[in-house]
Amino acid sequence: MNDPDSGEKPSVSGARVADDTGRPKRSRRRKGKQKGASPAAVSPSAGQATGPSAAAERPPSAPSGTHARRNKRRKHGKSAGSENVRPLVPVGQREGGQQGQHSADGQKGRRKHRGRKSAARATQPVADAAIVSLVAETVSEQRPGSHEPRREAVPQRAIEREGYDAPLYAALDLGTNNCRLLIAQPTRPGQFRVVDAFSRIVRLGEGLAASGRLSDEAMDRSVEALKICAAKLKSRNIRRARLIATEACRAATNGETFLERVKQETGLDLEIINRETEARLAVSGCSSLVGREAKSVVLFDIGGGSSEIAVIRIGDNRSSRLANHITHWTSLPVGVVTLSERHGGRDVTPEGFQGMVSEVEGMLANFDCPGESTYAPEDFHLIGTSGTVTTLAGVHLDLPRYDRRRVDGVWLSDDEVTAMQARLLSWDFSARAANPCIGPDRADLVLAGCAILEAIRKRWPSRRMRVADRGLREGLLTDMMADDGVWRRGRHRRNHRGAHRNPAKPEGQAS
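Given the structure is predicted, the values throughout are model-derived calculations rather than measurements.

Here is what the cut-offs are and how they apply
Residues numbered from 1 in each chain as written. Predicted model: local features only at pLDDT ≥ 70, side-chain atom pairs only at ≥ 80, totals over all residues. Heavy atoms only, no water. Helix = DSSP H or I, 4+ residues; strand = E, 2+ residues; numbered from the N terminus. Buried < 20%, exposed > 50% of the residue type's maximum accessible area, 1.4 Å probe, protein only. Salt bridge = Lys/Arg side-chain N within 4 Å of Asp/Glu carboxyl O. Pairing = 2+ DSSP bridges. Axes fitted to C-alpha atoms, helices over the stretch in contact; angles between N-to-C directions. Phe/Tyr/Trp six-rings, centres within 6.5 Å; stacked < 30°, edge-to-face > 60°. Lys NZ or Arg CZ within 6 Å of the ring centre and 35° of its normal. Contact = heavy atoms within 4.5 Å. Polar contact = N/O pair within 3.5 Å; in protein donor to acceptor, adjacent residues only side chain to side chain.

Undergrad: For this particular structure, what's the right way to read unusual backbone geometry?
TA: One non-glycine residue with positive phi stands out, namely R203, at about 50°. Mapping R203 onto the fold places it in the loop between β5 (192-201) and α8 (208-211). Classification of R203 as buried rests on a relative accessible area of 18%. Here the phi dihedral of D398 falls at roughly 55°; this positive angle occurs in a residue that is not glycine.

Below you can see the structure in the form of structure tokens.
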């Protein structure tokens, strides 16, 4: 029988019926069903004649061969639940017979049998197709709680199987409040793909402002988090890594002693960076969020023990490294942990909040930096990278769960920031802790961060602010990859073309 879509079809059983060569032989199961079917139960197909003459030509109990096969294939098609189930292939096609032709029409394509090549493709594990989306350039951290990343790590063998064997780079940032790790590999020029990540609140600087030392409990929490980071680093073939410690270890009298303990117990050798380096790394990590239309930007990073501020002026000749455009920078010896400990972060009144703002304003008064009146409002904006601004954005978006993909890069107007700060100030501690974007770990710190943000906004008024869920780790990775030249334009084009021919040499791999 000729199928109107793809010509003559081989019979399902591989044989022809003697008295009806145009119709394939039906199985016994189908015959049994048809014997029990009543003539009234069979409806004529579209375009079929009705009446006594039509009944004489074709028995009413047997539908046409075309519709019988179509119904059977639809039945099998609906029962298939996943892509890795091999489709049924007729006997005549199993040994290299006629392969089904895919029609442009989706409904017709479902009626066609897949050939051997299509069947082999269908048997690929579904997990392989998910690798591309899994190793995205984002890190979704779970809030509240331990701040472990929701995204699972990509196995090394899966990365190699998919051709993602470009060199791996690692960046670790041990701050006053958080311990964070990123492992990534370069992709397009100026970009990288995150392979693994870790983030946990350790509060290393807890009690530092009062005693001047790191407490034993804080050091124990930090060492346990660093052990996890060490295990992740050992499981990967890392070409280059940079591990840094910031304000807590800078200010503590026992900071160097603590890092010696870290080296003995975890094998990680951390370096204490100065404040200028910290400010430059923050700028490097957020460079992709500065639009081409911007002529001047004030970028700030509100940390746990210090807050870095950089004034960036971009002329006509924009450098590939945004940190080269820094004209003024400062590092305030105050962060969310130290400020909340001095003023109290659990129960904050409007008067107490204003006291925190006034303290930060006094520190900014000593920062000798010209105003931004030389640029039009559309040429200037703020960029905030810290847990404070990401929390404000998450609450503003009314997220049921913190989602970095929704927060990173979002714009907030000046009125929206003011409204969100007033909203948080009106909540008590339990209400802040119950919010999924704040949680109990940040409930006593978020208002101290808002006070620092308010002082910065008063010093540099702007109609809009961009939120960055990125910072020092991204800056470390960007600088290391740029120094190694993995993004050289010619090398990228050569490896990008070769990646299609040889999966062993993906884009970004050094020659």
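Undergrad: Please explain the environment of I326 as it appears in this structure.
TA: Summarising the element assignment, I326 is placed in strand β10 (residues 326-332). Judged by its relative accessible area of 19%, I326 is buried.

Undergrad: Whenever I open this one, the pattern of salt bridges confuses me. Can you help?
TA: Two side chains carrying opposite charge are able to pair once their charged atoms lie near each other. This model, assessed by the stated rule, comprises 21 salt bridges. The salt bridge partner of R221 is E206, with a shortest N-O separation of 3.0 Å. Of the two residues, R221 sits in helix α9 (residues 216-234) while E206 sits in the loop between β5 and α8, which places them 15 residues apart along the sequence. Take R221: its relative accessible area is 32%, and that puts it in the partly exposed class.

Undergrad: Got a minute to help me understand the sheet that holds strand β12 (residues 411-413) in this structure?
TA: Sheet strands pair by backbone hydrogen bonding; their relative direction is either parallel or antiparallel. Ordered in space as β10-β9-β8-β11-β13-β12, the 6 strands form an open sheet in which the pairing is mixed. Unpaired on one side and paired on the other, β10 and β12 mark the two borders of the sheet. Going across the sheet, the axis of each strand differs from the next one's by a mean of 20°, ignoring polarity.

Undergrad: Which parts of the structure should I look at to understand the packing of aromatic side chains?
TA: Aromatic ring pairs are defined here through the distance separating the ring centres and the angle between the ring planes. This structure, assessed with the given rule, holds 1 aromatic pair. In this structure, R346 is placed above the aromatic ring of F429, and the distance from its NZ or CZ to the ring centre is 3.9 Å. Taking NZ or CZ as reference, R464 lies 4.3 Å from the ring centre of W411, over its face.

Undergrad: Looking at this structure, I do not really get the environment of E206. What am I missing?
TA: What makes E206 partly exposed here is its relative accessible area of 34%. Spatially, the C-alpha atom of E206 lies 7.9 Å from that of T176, the residues being 30 residues apart in sequence. Residues in contact with E206, not counting those within four places in the same chain, are S215, R221 and E341. At 3.0 Å, the side chain of E206 and the side chain of R221 are in polar contact.

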